[in-house]
Amino acid sequence: MAMKAAAQALSLRGLSKTFIEKKTRKELEVLDSIDLEIESGSLTCLVGPSGCGKTTLLRLIGGLEMPTAGEVLFEGTPVTGPGPERGMVFQEYALFPWRTVLKNVSFGLDIEGMSGGEAHRKAESYLETVGLTGHEDLYPRELSGGMKQRVAIARTLAVEPRILLMDEPFASLDAQTRNGMQEFLVELWQRTGTTVVFVTHSVDEAVFLGGDIIGLSRRPARVVDTFTNSLPYPRSRIEPEFIALRARILEYLTHEMSDA
Amino acid sequence: MSRIRVISIALLLLCVIGAGLLTGCGSQGSAATVVRVGFLRNDMHQLAYYVAREKGFFSEQGLDVREGGTFNAGPEEMSAFSAGELDIGYVGAAPAITFASQGMADVKIVAQANMIGSSIVVRPGLDIADVNGLKGRTVAIPGFSTMQDFILHKALAEAGVDPTELKIIVVKPPEMIASLAGGQIDAAVVWEPYPTMAVAQNAGRVLVTSAKVLPHHPCCMVVVDSKFLKDNPDVVKRFIAAHIKATDYINANKLEAADMAHLFTGQDAAITKAAMKNIEYGYVPSKKAIQSYVEFMKQSGVVKDKDPAAFTRSLVDTSFTGGSGQ
Amino acid sequence: MSKWKIVSPLIALALWELLAGLGWLGKTPTPVQAVRGIYDLIATGLPPGYHLQGHLLASLARVFTGFAVALVIAVPLGILMGAWPVAGVIVDPLVEAIRPVPPLAWLPLALIWFGLGLASSAFIVFLGAFFPILLNTVSGVKSVDEHLVEAARTLGARKRTILARVLVPGSLPSIITGMRIGMGIAWMTLIAAELIGVKNGYGLGYMIMTARDLARYDLLVAGMVVIGLVGFLIDWLIRLGEKRLLRWR
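This section reports on the structure supplied with the text. Please read all numbers here as calculations on a predicted model, not as lab measurements.

**Observations concerning the overall build of chain A**
Here's step 1: Helix and strand counts for chain A stand at 9 helices and 10 strands.
Here's step 2: Expected size for 260 residues packed as a compact globule is a radius of gyration near 18 Å; at 19 Å, chain A falls within 12% of this value.
Here's step 3: C-alpha atoms of chain A, sized along the principal axes, occupy 55 × 45 × 45 Å.
Here's step 4: Expressed as a percentage of the 260 residues in chain A, the buried residues total 51%.
Here's step 5: Taking contacts inside chain A between residues at least 6 apart in sequence as the whole, the part at least 24 apart equals 69%.
Here's step 6: As displayed, chain A offers around 11,800 Å² of accessible surface, 51% of which is attributable to carbon and sulfur atoms.
Here's step 7: Charged side chains in chain A number 28 positive and 35 negative. The centres of these two groups are separated by 5 Å.

**Here we look at the interface of chain B and chain C**
Here's step 1: Across the boundary between the two partners, chain B contributes 24 residues, which contact 20 residues of chain C.
Here's step 2: Of the roughly 1,900 Å² buried at the junction of chain B and chain C (both faces included), carbon and sulfur atoms supply 61%.
Here's step 3: Contact with chain C buries area across many residues of chain B, yet B:M104, B:F144 and B:V170 alone supply 27% of it, more than any other trio.
Here's step 4: Where chain B meets chain C, there are 1 residue pair in polar contact (both at pLDDT 80 or more).
Here's step 5: Elements with a minimum of two residues in the side of chain B that touches chain C: α4 (74-82), α5 (93-101), β8 (167-170) and α7 (173-181) of chain B.
Here's step 6: Among the elements that line the side of chain B that touches chain C, the one with the most residues is α4(B), at 4 residues.

**Quick word on the interface of chain A and chain C**
Here's step 1: Opposite the 24 residues of chain A that make contact, chain C presents 18 residues.
Here's step 2: Both faces considered, chain A and chain C share a buried interface measuring about 2,000 Å² in area, 68% of it formed by carbon and sulfur atoms.
Here's step 3: Here chain A is connected to chain C by 1 salt bridge.
Here's step 4: With a closest N to O distance of 2.5 Å, A:R59 and C:E150 form a salt bridge.

**Section: helix α15 (residues 308-315) of chain B**
Residues and elements named next belong to chain B.
Here's step 1: When we look at burial in α15, the residues that qualify are P308, A309, F311, T312 and L315. An end-on view of α15 places all buried positions within 165 degrees of arc, on one side of the element.
Here's step 2: Contacts made by the buried residues of α15 are with α5, β4 (107-112) and α14 (287-299).

**Side note on the layout of surface pockets**
Here's step 1: There is about 1,000 Å³ of room inside the largest pocket.
Here's step 2: Those elements giving two or more residues to the lining of the largest pocket turn out to be α4, α5, α6 (147-159), α7 and α8 (194-200) of chain B together with α5 (107-114), α8 (159-196) and α9 (204-213) of chain C.
Here's step 3: Per element, the largest residue contribution to the lining of the largest pocket is 4 residues, and it comes from α5(B).
Here's step 4: Looking at the lining of the largest pocket, its residues break down into 23 nonpolar, 12 polar and 7 charged.
Here's step 5: Reported here for the second largest pocket is a volume of approximately 470 Å³.
Here's step 6: Around the second largest pocket sit 22 residues that line it, and B:F144, B:D149, B:H153, B:I168 and B:F296 are the ones nearest its centre.
Here's step 7: Mapped onto the lining of the second largest pocket, the elements with two or more residues apiece are α6, β8 and α14 of chain B.
Here's step 8: The dominant element in the lining of the second largest pocket, judged by the number of residues it contributes, is α6(B), at 5 residues.
Here's step 9: When the residues that make up the lining of the second largest pocket are grouped by side-chain class, the tally is 14 nonpolar, 5 polar and 3 charged.

**Looking at helix α2 (residues 31-43) of chain C**
One turn of an α-helix holds 3.6 residues; hence residues three or four places apart share an orientation.
Residues and elements named next belong to chain C.
Here's step 1: In this model, α2 (13 residues) spans 18 Å end to end at C-alpha, consistent with the 18 Å of a helix rising 1.5 Å per residue.
Here's step 2: Those residues of α2 not exposed but buried are P31, A34, G37, I38 and L41. Along the axis of α2, the buried positions cluster into a sector of 105 degrees, meaning they face one direction only. Turned more than 90 degrees off the buried face of α2, the exposed positions are V35, R36 and Y39.
Here's step 3: Buried-residue contacts for α2 involve α1 (7-22), α3 (52-83), α9 and α10 (217-245).
Here's step 4: Phi turns positive one or two residues past the end of α2, at G45, with a value near 90 degrees.

**Some remarks on the side chain of C:R216**
Here's step 1: Within the secondary structure layout, C:R216 lies in the loop between α9 and α10.
Here's step 2: Judged by relative accessible area, C:R216 falls into the buried class, the value being 11%.

**Description of the sheet that holds β4(B)**
All names here are of chain B.
Here's step 1: Taking strand neighbours across the sheet as the criterion, the 5 strands line up as β2-β1-β3-β11-β4 in an open arrangement whose pairing is mixed. Across the chains shown, the open sheet's two edge strands, defined by having one partner strand only, are β2 (63-67) and β4. Across the sheet, the mean angle separating the axes of adjacent strands is 30 degrees when strand polarity is ignored.
Here's step 2: Two strands pair when backbone bridges link them, and strand β1 (residues 33-38) and strand β3 (residues 88-92) are joined in this way by 2 bridges, in the parallel orientation. The residue bridging G38 from the neighbouring strand is G89, located in β3.
Here's step 3: Helix-sheet contacts for α5 involve β3, β4 and β11 (220-225), and the interaxial angle to β3 is about 110 degrees.
Here's step 4: Where helix α11 (residues 233-252) meets the sheet, it contacts β1, β2, β3, β4 and β11, and its direction lies at approximately 60 degrees from that of β1.

**Brief notes about the packing of aromatic side chains**
Here's step 1: Counted by the stated rule, this structure contains 28 aromatic pairs over all chains.
Here's step 2: Arranged with centres 5.8 Å apart and planes meeting at 35 degrees, the rings of A:F96 and A:W98 form a pair that is tilted. Like A:W98, A:F96 is buried.
Here's step 3: Arranged with centres 6.0 Å apart and planes meeting at 35 degrees, the rings of B:F39 and B:F264 form a pair that is tilted. With B:F39 in the loop between β1 and α2 (47-54) and B:F264 in helix α12 (residues 254-265), this residue pair connects regions lying 225 residues apart in the sequence. In this pair, the class of B:F39 matches that of B:F264, namely buried.

**Points about the pattern of salt bridges**
Here's step 1: Evaluated as defined, the whole model comprises 30 salt bridges over all chains.
Here's step 2: Between A:K103 and A:D110 there is a salt bridge, with the nearest N and O atoms lying 3.6 Å from each other.
Here's step 3: Given the relative accessible area of 12%, A:D110 is considered buried.
Here's step 4: Note that C:D235 is salt-bridged to C:R239, the shortest N-O span being 3.3 Å.

**Describing the arrangement of the chains**
Here's step 1: There are 2 pairs of chains in contact here, and the one with the most contacts is chains A and C.
Here's step 2: Regarding chain A and chain B, the two do not touch, and the least distance separating their C-alpha atoms is 41 Å.

**Points about the pairing of strand β9 (residues 212-216) of chain A**
All names here are of chain A.
Here's step 1: Most of β9 sits out of view: 4 of its 5 residues are buried.
Here's step 2: Strand direction decides the pairing type here: β9 and strand β10 (residues 223-228), joined by 5 bridges, are antiparallel. The partner of D212 across the bridge, within β10, is T228.

**Brief notes about the state of the cysteines**
What makes a disulfide is a covalent bond joining the sulfur atoms belonging to two cysteines.
Here's step 1: Scanning the model with the defined rule gives 0 disulfides over all chains in all.
Here's step 2: Not part of a disulfide, B:C220 finds its nearest cysteine sulfur in B:C219, a span of 4.7 Å.

**With respect to empty space enclosed by the protein**
Residue and element names in this part refer to chain B.
Here's step 1: One pass over the structure, following the stated rule, counts 3 cavities of 30 Å³ or more.
Here's step 2: Forming the walls of the largest cavity are V121, P173, M176, I177, L180, A188, V190, Y194, P195 and A198.
Here's step 3: Per-element tally for the lining of the largest cavity: the top contributor is α7, with 4 residues.
Here's step 4: Class assignment for the residues of the lining of the largest cavity results in 10 nonpolar, no polar and no charged.

About the criteria used
- In this convention, every chain numbers its residues from 1, walking through the sequence in written order.
- Chains and ligands are labelled sequentially in the order written, the chains with letters from A and the ligands with numbers from 1.
- Totals for whole chains, interfaces and linings use every residue, but because this is a predicted model, local features are given only for residues with pLDDT of at least 70 and side-chain atom pairs only at 80 or more, for both listing and counting.
- To obtain the side-chain values, all non-hydrogen atoms of the structure were included, while hydrogens and water were left out.
- Per the convention used, a helix needs a DSSP run of H or I reaching at least four residues, while a strand needs a run of E reaching at least two, with both numbered from the N terminus.
- All radius of gyration figures rest on C-alpha atoms, and the globule criterion is 2.2 Å times the number of residues raised to 0.38.
- When a residue's accessible area, from a 1.4 Å probe over protein chains only, is under 20% of the maximum for its type it is buried; when over 50% it is exposed; and in between it is partly exposed.
- A contact between two residues is defined here by any heavy atoms of the two lying within 4.5 Å.
- Per-residue and other accessible areas were derived by the Shrake-Rupley procedure at a 1.4 Å probe size, with only the shown protein chains allowed to occlude residues.
- Think of it this way: Lys and Arg go in the positive column, Asp and Glu in the negative one, and His and the chain ends go nowhere.
- Just so you know, the charge point we use is NZ for Lys, CZ for Arg, CG for Asp and CD for Glu.
- In short, buried area is how much 1.4 Å probe accessible area vanishes from two parts on joining, totalled over both.
- We define a polar contact as two N or O atoms separated by no more than 3.5 Å, with the added condition that, inside protein, one atom must be a possible hydrogen donor and the other a possible acceptor, whereas residues neighbouring each other in sequence contribute only through side-chain atom pairs.
- Salt bridge, as used here: a side-chain nitrogen of Lys or Arg that lies within 4 Å of a carboxyl oxygen of Asp or Glu.
- In this context, the arc is that of the directions from the helix axis out to the C-beta atoms.
- Think of a 1 Å grid over the protein atoms and nothing else: a 1.4 Å probe that fits but is trapped marks a cavity, an open set flanked by protein within 12 Å on at least five of seven lines marks a pocket, and residues with an atom within 4 Å of a point count as lining.
- Grid points are joined across faces, edges and corners, and a volume is the space filled by probe spheres set on the points.
- The classification used treats Ala, Val, Leu, Ile, Met, Phe, Trp, Tyr, Cys and Pro as nonpolar, Asp, Glu, Lys and Arg as charged, and all other residues, Gly among them, as polar.
- Expected span, for any helix, means 1.5 Å times one less than how many residues it has.
- By this definition, two strands are paired if DSSP reports at least two bridges between them.
- A fitted line through C-alpha atoms serves as each axis, taken over the contacting stretch for helices, and the angle formed by two N-to-C directions is quoted from 0 to 180°.
- Paired rings are identified among Phe, Tyr and Trp, the last through its six-membered ring, by centres lying within 6.5 Å, and are further divided according to the angle between planes into stacked (under 30 degrees), edge-to-face (over 60) and tilted (the rest).
- Put simply, a disulfide is two cysteine sulfurs that come within 2.5 Å.

Right under this line is the structure:
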C-alpha cells in the first residue's frame, strides 16, 4: 500500500474549479470533476484547446489556487498551498529582473537561509545543467527568450522539487529554439528522473515529450482520454508512429471541440 | 443656441455695458485729478490717510484717490513704485530709503506720517530692568536695517552694550507675539499695535518705548514718485494739504481717531485706543533725524556709496510742509 | 547629442542679458550683475556677515532632515498599504484629506508647535515630500508583476520574504521616482517657507527675502540662480544613485 502511494506522485480526485467573476458575479466553471493519477518519475503532458483550463489545473496542483470541489493529493497528502517540492515554470519566465542570472537561480536557496558561498556553488551547478555557464552576471533583460526560460528552469530545479509543473513554457519561443528546448527538457528529465507535468496546446510538442498524454476537453475541462505514448526516446517527428499518434490525438481533440 | 437665448444674452450684455458707461461717466465728474495711492494695510501709523479719505479731505482738494494695491509690507509697496504703479504712498522710512538708495525706486519724501510708536517688548518671566539685561538674549526685529533695528542699536549703544553680545534674529511681527509667549525669543522690537496686543494677551511687557530711546524719531512717511512730483507739483501740494488737515484732526480728536483706527485696521477698539497713546502724528519731516537713520544704514552696509548728508538732502523735500533742516 | 542640451539655456541667457541691459525688463539685473552678486553673497554676505555658505548649509540641513523623516515614514507605510489592501483602505482617507492642503498653509501652526528652529521648517519639508513618496511607493508595490510573487511562492517564500525580496526591490524604481518628485517639492517648499516665516538668521529663502527688503535685486536674482542650481544638483545626484541602483533596467 505504501509502495503504491509512493509511486503515485500526484492524485487528482473529482477536482472541480469554478470562478466567480468579481464584477458580474457570473459563475465560470473551468474544471469539471477531473480524476487523474500521475506516476512518480513520469513525463506527462496535458493537452487541450486554448482556454480549456489547463493552466488552472496546473495552478491547482501547484497550490496557487484552491479547488471548489475534490482534492489534489501530492504523495498522499492534500495540497494547501505552493511550495518548493512542487516547482513551477511559467510561460512568462517570471525571472526577477533586479537579480542577475546567478542570483535568480539561487533565489530559492537564499531564502532557505543557505550560506552565500554554498548557494553560489549550487546555483553554478544548475546553471551548468541548463548550459548557461558563463552567463552568471547578466541581467534578465540581456537574455534571449530561450535563455530566460532555461534560467527559470534552473531556478526551479535548484530547490530540488519532486515534481516539475510546466505551463506552456516554450510557447513564446520561436520554432527552432522551441525544438531545441524540447530536446533539452527530455534530456534533462532522463538525467534527473523528476516527475514532470507539462501543459501545452501543441499536440506535436505533447507527442514529442510525453510518456502519457492526457487530452482535456473544452471548458469546463474533463479528461477526454489518456493516450499512452511508448515511443522510445529520442523521438523523431518524422517517424510514422509519431505521425500516427499525433493524428489520432488531433482527431480526438477536433472531434471533442466540434461537439456541441 | 435658441434664438430666445441669443437675444436675452445680447440684452444682458447691453445692460451691463450701458450701466458701466453710465457709472463711468458719473464718477468722472469735473476736473478731479486721479492720484494712485499706496499704503500699508492695517497700519495705525498711516491713520492720516484713512482720516483724510473718510472725512473727504482729499475730494475737497479735488483729488480722486485710487488705491493702487494692497500692501502688507513696505518693500512690497516700494516695488510697486519701482514698477510705476503708484504716484504717492504712505510707507515706512526704511523701505523708502533702501529702495531709493539702491536706485530701485525714484521717490522723494515730502511729509511725515507719524513719529515713534514702537517698543522693545520682553517676554513674561524675563525679569530685567533695562536694556542691559538683554545681554546674551535673543531679540527679534521685523527686518534687517529697519527702524526697529536702528532703535535697538541706539538703545544698546546708550547702555554701553555691544550688539554682538545679543542674538538678533528676524521674525515677522505677526509671529512675534506667539514667539514671545512661547519663550522662543526673549524680546522683540516692533511697532504698534503689536506691543499693546502683546501686553493685552499676557505675552509680554514693555521694557522701553522707542520714544524714550529716540524722542520723536521718524517712522512712516509720505513719499512721492519723483517724476509725478516734477510733472504735478500742484497735485502733490493739495495732497499734502489734505494730509496735514487729517493729521491735525487726529491730534485734536484723539478719541474719535482711535475709533477710526479700530475701523481702519480691524483691531480691537480697546487695543487701538491704548496703542494710540504711544504714537505721535506729525507732518513735518526732520532731515536731521532721517540723516541719522541713513548713517546707521550706511554702517550696516545697506546704503553704499552715498554721503548720508547729501543723500538725505536729495531725498527729503520739506517745501510742502514748511519744515527746515531740523 | 548632449551638445544640443546647451542651446536653449544659452539663448535664454543671451536674451536676458540683452533685454535687461536695454532696460526692457524694468530694473531687472543682467546675468553679469547676477554673477557678481553671487560673488558678493559669498564674500560679503547678506545681511552683511551672513555668507552664502551659511545660508546654503542651513537650507540643506532643513531639507534633508525633513526629507529623511518623510522617507523613513512614507516608504514602509507605502509598502504596507500596497501589499495589504486593508491597510490602504484604512489609511487612504486620511492621506487624501491632508494631501490637498499646501504644506505652506501649515506654517503658522508649525511655528506654534515646533518653534522657530529646525523642526518647524523640517516639518513643512516633510509635508511636501511625504505624499509623492507614499503614493509612488504604493503604486510601485501594486505594479509588481503578480507572476513574480507567485514564482517566489512556488520557490518556498513566505509573506515576509515576499515583502522583503520581491515587493521592495520590485517597487524600487517607483520609490525612487517618488523620491525625485518629493525632493523637488521639498526644496521649493522650503525656500518658500524661509521666505515667509521660518528664519533664525540663515536660509536661502531668508537671504533672498532680505535682498528684496533691501532692494538689492542683483543679489535677489543671484540667490535665485543659486537656489535653482542647488535644486538641480540634488536631483542630479538622485538620478545618479538611481542609475547605480537600477542597473538591471
